[in-house]
Amino acid sequence: MSDQGVKVAVRCRPFNQREKDRGAKLIIDMNGAMTTIQNPETPNEEPKKFTFDFSYWSHDGFNEKDDGYLEAVPGSKYSSQRRVFDDLGQGVLDNAFKGFNCSLFAYGQTGSGKSYSMVGYGCNKGIVPITCDELFKAIEAGDPATKYEVTFSMLEIYNEQVRDLLSKDNPKGGLQVRQNPKLGLFYVVGLKKVAVGSYAEIDKRTQEGTANRTVASTNMNATSSRAHTVVTITFDQISKNEAGEETKKSSVINLVDLAGSERADSTGATGDRLKEGANINKSLSALGNVISALADLSSGGKKKVMVPYRDSVLTKLLQNALGGNSKTVMIAALSPADINYDETLGTLRYADRAKKIKNKAVVNENPLDKLIRELREENEKLKSQMGGAMPVAGGAGMDPGEIERMRKEMEEEIRAQLLANQEQMNEMDESFEDKLKRNREEQEAMGAAQANTQDRKSKDPHLVNLNEDPMLSGVIFHFVEPGEMTIGRKDATPPPMIALTGLSISKQHAVITFENSEATVKPGEQGAKTKINGVPLTGPTTLQHLDRVLFGSNHMYVFHNPLNPKAPENTPTKIDWDFAQKEIAKHKGFDTASAGMSKEQIIAQEQILELLPMVSEVNAISEELNKHRTFEVILISGAAMEGYGSKKGAKVVVKMKNLLNGNTWLWERGKFMNRRYMIQELYQRHLDGDEDVMKIPKEEDPFWEPPEDVLIGTANVFLQSLSYALDFDDKLSVTDYKGVEEGNLYVNITPCSDKGKPLDEDFFVEDPQELLGKPFHYKVTIKSAEVNKAKYSKGLHVRYKVYQDEDFTSTPVIKATLSPEFKHHRIITYPAVNEDQLGYFEQGCITFQLFGVQEDSVNDNRLMKMTTKELRQMEQLQNPGMQRRQTISGEASEESKLRNELEVLKKKFERLEKKEKRIQDLCSEWKGKPVEEQQFEPFWRHVSAVANSSGNKLKTRVEILNTDDLVSVYSFELDPNAKEQTHVGNNNPEAKRNGGLGTGSSDSPNVIQSQKMTQEASAGGAQNGSNGSINSGAGSKACIIQ
């Protein structure tokens, strides 16, 4: 017996192209066995450190050879595929020859490099193919007296269902998983195991499994990143012991590529009412719980720990690998980019727990005769149990119905065990040579078809599949024959030449005609959904080389025409899934160019490309299950949600709409992905014939959501007027996320006293800096609104936040009107204005969000008689050619800001006009006084008070007291020298002699002592008073008073 811990390795991949495009930052470093991760949000903090058996640096330090093989640059720390095998795979192989069970599983988020390490791409083969290759090399060099037998199986676990990937026909609901009562281990009933005699045969079977996996994932709308793939190699060594008995040393090698480890909560699903009911990541969560429980057991800290193997299909099948008789290796794949920090840290912690597990592996060696005898004895015992009365444990207190049900369950278990034992005995009775011969004959037939496909690819036009998983692209081929070829569902009459299964595939879906080296495609029936290069197919269209064709929701193909291989201009030589999805997004109105984009914009674009095919799929399921719901991807700017100047970037959300009453909901990305997974599960039950799917309570239906208030639109009020102590009163346009006007909002923002009383209309601040350190109060008033759409008459309310508010302030809900009178008031007080608050006035705004109340009712009963497909078509007809706008227009916010600035400038101008008018009044009053009463000092004092007033009330009336008989000139546009002289004039005797304006000659434009010119100037000032200016004549700068 070998008591050994799980061997754990981590591996860091290079940046992918998306990460390079957005200028991703590296957060992973490795030094020997140590791996460190740096939080990009806190770069000054100490990185978190983890130590594993191996830390593989594959991020950089490599060169690509002409054949595509990646080799380490001399002196670099790059870990190649071969090095990873030498450390991990070779150990698996050595233990297999010793008779130990072995398991190797890869863990990490989608796109972190799991499949590259496990399977590899091209000539950079991964652990699985190298292990298989080396296995047969070792067999060839092994003991001639030992007989070696290798069998191969390949399965996939998706949504808690097991699919045999070496079989084209899997039962509805998947293969059953049962427990061997004697050994306590779980096994898959009816899983196909094929005898193989070389690595080439394993490679062909792997290709077969990959092809079946592709077809299944396409037909069932399954996302490959959400599925676990398990390859099992059973390696038997049969030899004779010293007593001459035949002994079998058996090793089971499990090679597991786990599903992506993305956590639901990190994508925003937290708070979804149905979150607990989703199977998303259920198996990985269960695996984490098993690893934690085993780690506790191995540490000895807890003596009574129940290991929850039964919580998922995956943990049942990995029971032996994780906590039993197995030598186990885990490789955790790490994403190096800063955007994946949370997921990568989660992966490191997961791996850190796994290394604490200790297994007790034993050599599996038994005489063959003993194995067969034990199986026969067990079968006889099971048969006797079936024939006799079976006692039901714990039957006391149970009603007869429960006892009968338990008895039937026990009978079913016994019957299944009998069949499993009989199958095992039959396998032992059939020689390995016979199994190998049978499977080779089967493979030869498949090989001939594969060879024919390879030969025709360079000669005949064909469609080849695209998949989001690169390993599943280029696997399915449909050759286009001369004449007409029909495409549709297999239940069509007559049967189509190319049969497709899945969402939005019509019976007569499309027809391809090939004549004179040219192919054309047309819809097979009205409403059949096909897209060519992202554009819906409405009539006959010529297919050109490398055109992208989407049948239904997810059958994506590239058309190849070797007879006319000229592709349209600007078509890339390599077409991948991302390119095809960007093309679809572009035709839906989303910008797909990444040049000049910020990091946040590129991330939003990636999320859009990720969600679009998912939304298309969910819409198709809604049609098929007739759920009366439609979904669309929208991009809402931070300004629309949180106000102009929001530091948060645009948010990608999915809008769900009830086609019966127009109710809408906005789901964050995580919530939608959570619901989409449940919708897939519901649809799978429908395909499996579960009639209860159409009768589930609405509370359990992932398509149903209780009514919630809907955001109709937003309006921004910029606060620049407050920095000048001016009020704002205007009718604001309320726009939705597309920039469409939905109504108006009447709002007033007014500086006020602490009691809410408006300041005197003459109060004005010329320099906002004067507000610093002083108390300031302003009142927000929401008067009323006008809403365009009648459906919002059920109730309307407004909410908003001001600077440093944590919670929204809301108005009462006003019902039964489209012109609600809110009459809402709120006073905001700053005891002493600081720089941040002043900056908020000058640059910030208040975003008012207008919400409408929704009710779960149907306004028009005639709509109930229409299907979801008909309702969606009707909605599209009602909005012909409507161009989608992906965000609330930034121009709308800028326009609102400019309007506000203009309003402030107008009010400042009005204040200055009032100043000017009051000074004119002073001039007129002075002029009207008798000469003996015209005294300069009081006049100068009051004119200066008016001209220099700031932050105070402007005096409406000024009473002038005569104290001197000086002549003075007041200038509105003093040159710098004259201005300087003005400031010292009152203390300068020479200035007094020159009218109190400082030194100046008698011909200065600012000082004129002629009686005649004084009279003309006074007359000119009176003439121009109505125009808001005071002049002493054309081009003059001074008003002259004697």
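Quick caveat: nothing in here was measured; it's all calculated off a predicted structure.

**What to know about the overall build of the protein chain**
Looking only at helices and strands, the protein chain features 23 helices and 45 strands. Out of the 1042 residues belonging to the protein chain, those deemed buried represent 50%. Sequence separation of 24 or more characterises 69% of the internal contacts of the protein chain that already satisfy a separation of 6 or more. Counting every atom, the protein chain has about 50200 Å² of accessible surface; 49% of that belongs to carbon and sulfur.

**Observations concerning the side chain of His59**
Looking at the secondary structure, you find His59 in the loop between β6 (54–57) and β7 (62–64). In terms of polar contacts, His59 uses its side chain to reach the backbone carbonyl oxygen of Arg13, at 3.0 Å. Ignoring anything within four residues of it in the chain, the contact list for His59 reads Cys12, Arg13, Pro14, Phe15, Leu26 and Pro336.

**Some words on the confidence of the model for the protein chain**
As a note on interpretation, predicted positions should not be read in detail where pLDDT is low. Per-residue confidence for the protein chain gives a mean pLDDT of 79, with 77% of residues at or over 70. Every residue in residues 881–892 is under pLDDT 50, and counting partners more than four places away or in other chains gives 29 contacts. The low-confidence segment residues 950–1042, where pLDDT is below 50, has 159 contacts with residues more than four positions distant or belonging to other chains.

**A word on the pairing of strand β4 (residues 34–37)**
By the bridge criterion, 4 bridges tie strand β3 (residues 28–31) to β4 in an arrangement that is antiparallel. Bridge pairing links Ile28 to Ile37 in β4. Here β3 folds back onto β4, and the loop between the two strands holds 2 residues, one of which, Gly32, carries a positive phi near 65°. Sheet analysis places β4 next to strand β5 (residues 48–51), joined by 4 bridges and oriented antiparallel. In the strand pairing of β5, Thr36 is matched with Lys49.

**Topic: the packing of helix α14 (residues 599–625) against helix α18 (residues 868–878)**
Interhelical geometry of α14 versus α18 gives an angle of 125° and a closest axis separation of 7 Å. Comparing their axes, α18 and α14 come out oblique. On the side of α14, the interface is formed by Asn619, Ser622 and Glu623, while α18 contributes Thr868, Lys869 and Arg872.

**Let's talk about the packing of aromatic side chains**
The final tally for this structure, using the stated rule, is 22 aromatic pairs. When the centroid spacing of 3.8 Å and the interplanar angle of 10° are considered together, the rings of Tyr107 and Tyr350 count as stacked. A residue pair is termed long-range when its members are at least 10 positions apart, and Tyr107 in strand β9 (residues 102–107) and Tyr350 in helix α9 (residues 341–354) qualify at 243 residues. Comparing Tyr107 with Tyr350 shows no difference in burial state: the two are buried.

**What to know about the sheet that holds strand β23 (residues 477–479)**
Here 6 strands make up an open sheet; going across it, the order is β23-β22-β32-β31-β28-β29 and the pairing antiparallel. Of all strands in the sheet, those with a lone pairing partner are β23 and β29 (535–536), marking the two edges. Strand direction decides the pairing type here: strand β22 (residues 462–465) and strand β32 (residues 555–560), joined by 4 bridges, are antiparallel. Paired with Leu463 across the bridge in β32 is Phe559.

**Side note on the sheet that holds β3**
The strand order across the open sheet built from 3 strands is β3-β4-β5, with neighbouring strands paired in antiparallel fashion. The open sheet has two free edges, formed respectively by β3 and β5, since each of these has just one partner strand. Between one strand axis and the next, the sheet turns by 20° as a mean value, whatever way the strands run.

**Topic: empty space enclosed by the protein**
The tally for this structure, following the rule as stated, stands at 5 cavities of 30 Å³ or more. Of the volumes computed, that of the second largest cavity is approximately 50 Å³. Of the residues belonging to the lining of the second largest cavity, the class tally is 2 nonpolar, 4 polar and 3 charged.

**Digging into α14**
For α14, with 27 residues, the first-to-last C-alpha span of 39 Å sits near the 39 Å given by 1.5 Å per residue. A bend of about 30° at Leu611 is the largest found in α14, and the proline Pro613 appears one to four places after it. The buried fraction of α14 amounts to 20 of the 27 residues, a majority that puts the element mostly inside the structure. Following α14 by one or two positions, Asn626 has its phi on the positive side, about 55°.

**Side note on the side chain of Asn439**
Within the fold, Asn439 resides in helix α12 (residues 432–457). By relative accessible area, Asn439 is classed as buried at 5%. When sequence neighbours within four positions are dropped, the list of residues in contact with Asn439 reads Val194, Ala195 and Arg205.

**Brief notes about the nonpolar core**
Note that soluble globular proteins tend to have their nonpolar side chains buried in a common cluster. The biggest cluster of nonpolar side chains holds 45 residues, and the ones touching the most others in it are Val10, Ile28, Ile37, Leu258, Leu287 and Met330. If we skip the residues at most four places from it in the chain, Ile28 touches Cys12, Thr35, Thr36, Ile37, Trp57, Leu334, Ser335, Pro336 and Thr344. Ranked by size, the runner-up nonpolar core spans 36 residues in total, among them Val734, Tyr800, Ile828 and Ile846.

**Concerning the environment of Ser58**
Inspection of the secondary structure puts Ser58 in the loop between β6 and β7. Along the chain, Ser58 and Ala72 lie 14 residues apart, while their C-alpha atoms are 9.1 Å from each other. In this structure Ser58 touches Arg11, Cys12, Arg13, Pro14, Tyr78 and Ser79, once residues within four positions along its chain are discounted. A polar side-chain atom of Ser58 sits 2.8 Å from the main-chain carbonyl oxygen of Ser79.

**Examining helix α16 (residues 669–687)**
Spanning 19 residues, α16 covers 27 Å between terminal C-alpha atoms, matching the ideal 27 Å at 1.5 Å per step. Counting buried residues in α16 gives 16 out of 19 residues, a clear majority hidden from the surface. Just beyond α16, the residue with positive phi is Gly689, at close to 90°.

**Concerning the packing of α14 against α16**
In the contact formed by α14 and α16, the axes pass within 10 Å of each other and the chain directions differ by 35°. The two elements α14 and α16 meet at a crossing, and its hand is left-handed. Judged by residue contacts, Gln607, Glu610, Leu611, Met614, Val615, Glu617, Val618, Ile621, Glu624 and Leu625 of α14 engage Arg669, Phe672, Met673, Arg676, Ile679, Gln680, Leu682, Tyr683 and His686 from α16. Taken together, the residues that form the contact of α14 with α16 break down as 11 nonpolar, 3 polar and 5 charged.

**What about the environment of Lys757?**
As for its position among the elements, Lys757 is in the loop between β38 (741–752) and β39 (776–787). A C-alpha to C-alpha distance of 8.9 Å links Lys757 and Lys779, two positions 22 residues apart in sequence.

**A word on the pattern of salt bridges**
The final tally for this structure, using the stated rule, is 39 salt bridges. Of the charged contacts in the structure, one is a salt bridge between Glu156 and Arg213, with a shortest N-O distance of 2.9 Å. Taken as a pair, Glu156 in strand β12 (residues 147–158) and Arg213 in helix α5 (residues 199–219) lie far apart in primary sequence, 57 residues in all. For Glu156, a relative accessible area of 2% translates into the label buried. Residue classification places Arg213 among the buried positions, given a relative accessible area of 10%. Residues joined by salt bridges that share partners form a network here, namely Arg82, Asp86, Asp133, Glu134 and Lys137.

**Some words on the environment of Gly839**
Position of Gly839 among the secondary structure elements: in helix α17 (residues 835–843). Since its relative accessible area comes to 27%, Gly839 is described here as partly exposed. For the pair Gly839 and Pro768, spaced 71 residues apart in the sequence, the C-alpha separation amounts to 9.8 Å.

**Thoughts on unusual backbone geometry**
In the segment running from Thr493 into Pro494, the intervening peptide bond is cis, with an omega of -5°. Of note, the phi angle at Asn570 is positive, near 70°, even though the residue is not glycine. Here Asn570 lies in the loop between β32 and α13 (577–587). Judged by relative accessible area, which is 72%, Asn570 ranks as exposed.

**Regarding a negative patch on the surface**
A surface patch of like charges, here negative, comprises Glu64, Asp66, Asp67 and Glu71. Here Asp66 is to be found in the loop between β7 and β8 (70–72). For Asp66, a relative accessible area of 87% puts it in the exposed group.

Cut-offs used in this document
- Residues numbered from 1 in each chain as written.
- Predicted model: local features only at pLDDT ≥ 70, side-chain atom pairs only at ≥ 80, totals over all residues.
- Heavy atoms only, no water.
- Helix = DSSP H or I, 4+ residues; strand = E, 2+ residues; numbered from the N terminus.
- Buried < 20%, exposed > 50% of the residue type's maximum accessible area, 1.4 Å probe, protein only.
- Contact = heavy atoms within 4.5 Å.
- Areas by Shrake-Rupley, 256 points an atom, 1.4 Å probe, with all protein chains shown as cover.
- Polar contact = N/O pair within 3.5 Å; in protein donor to acceptor, adjacent residues only side chain to side chain.
- pLDDT = per-residue confidence, 0-100.
- Pairing = 2+ DSSP bridges.
- Axes fitted to C-alpha atoms, helices over the stretch in contact; angles between N-to-C directions.
- Parallel < 35°, antiparallel > 145°, perpendicular 65-115°, else oblique.
- Phe/Tyr/Trp six-rings, centres within 6.5 Å; stacked < 30°, edge-to-face > 60°.
- 1 Å grid on protein atoms, 1.4 Å probe; cavity = no way out; pocket = protein on both sides within 12 Å on 5 of 7 lines; lining within 4 Å.
- Points joined across faces, edges and corners; volume = space filled by probe spheres on them.
- Nonpolar A, V, L, I, M, F, W, Y, C, P; charged D, E, K, R; others polar.
- Expected span 1.5 Å × (residues − 1).
- Bend = angle between axes of the 7 residues up to and from the residue.
- Core = buried A, V, L, I, M, F, W, Y, C linked by side-chain atoms within 4.5 Å.
- Left-handed = near helix turned anticlockwise from the far one by under 90°.
- Salt bridge = Lys/Arg side-chain N within 4 Å of Asp/Glu carboxyl O.
- Patch = residues over 30% accessible without salt bridge, like charges linked within 9 Å, V, L, I, M, F, W, Y side chains within 5 Å.
- Lys, Arg positive; Asp, Glu negative; His and termini not counted.
- Charge placed at Lys NZ, Arg CZ, Asp CG, Glu CD.

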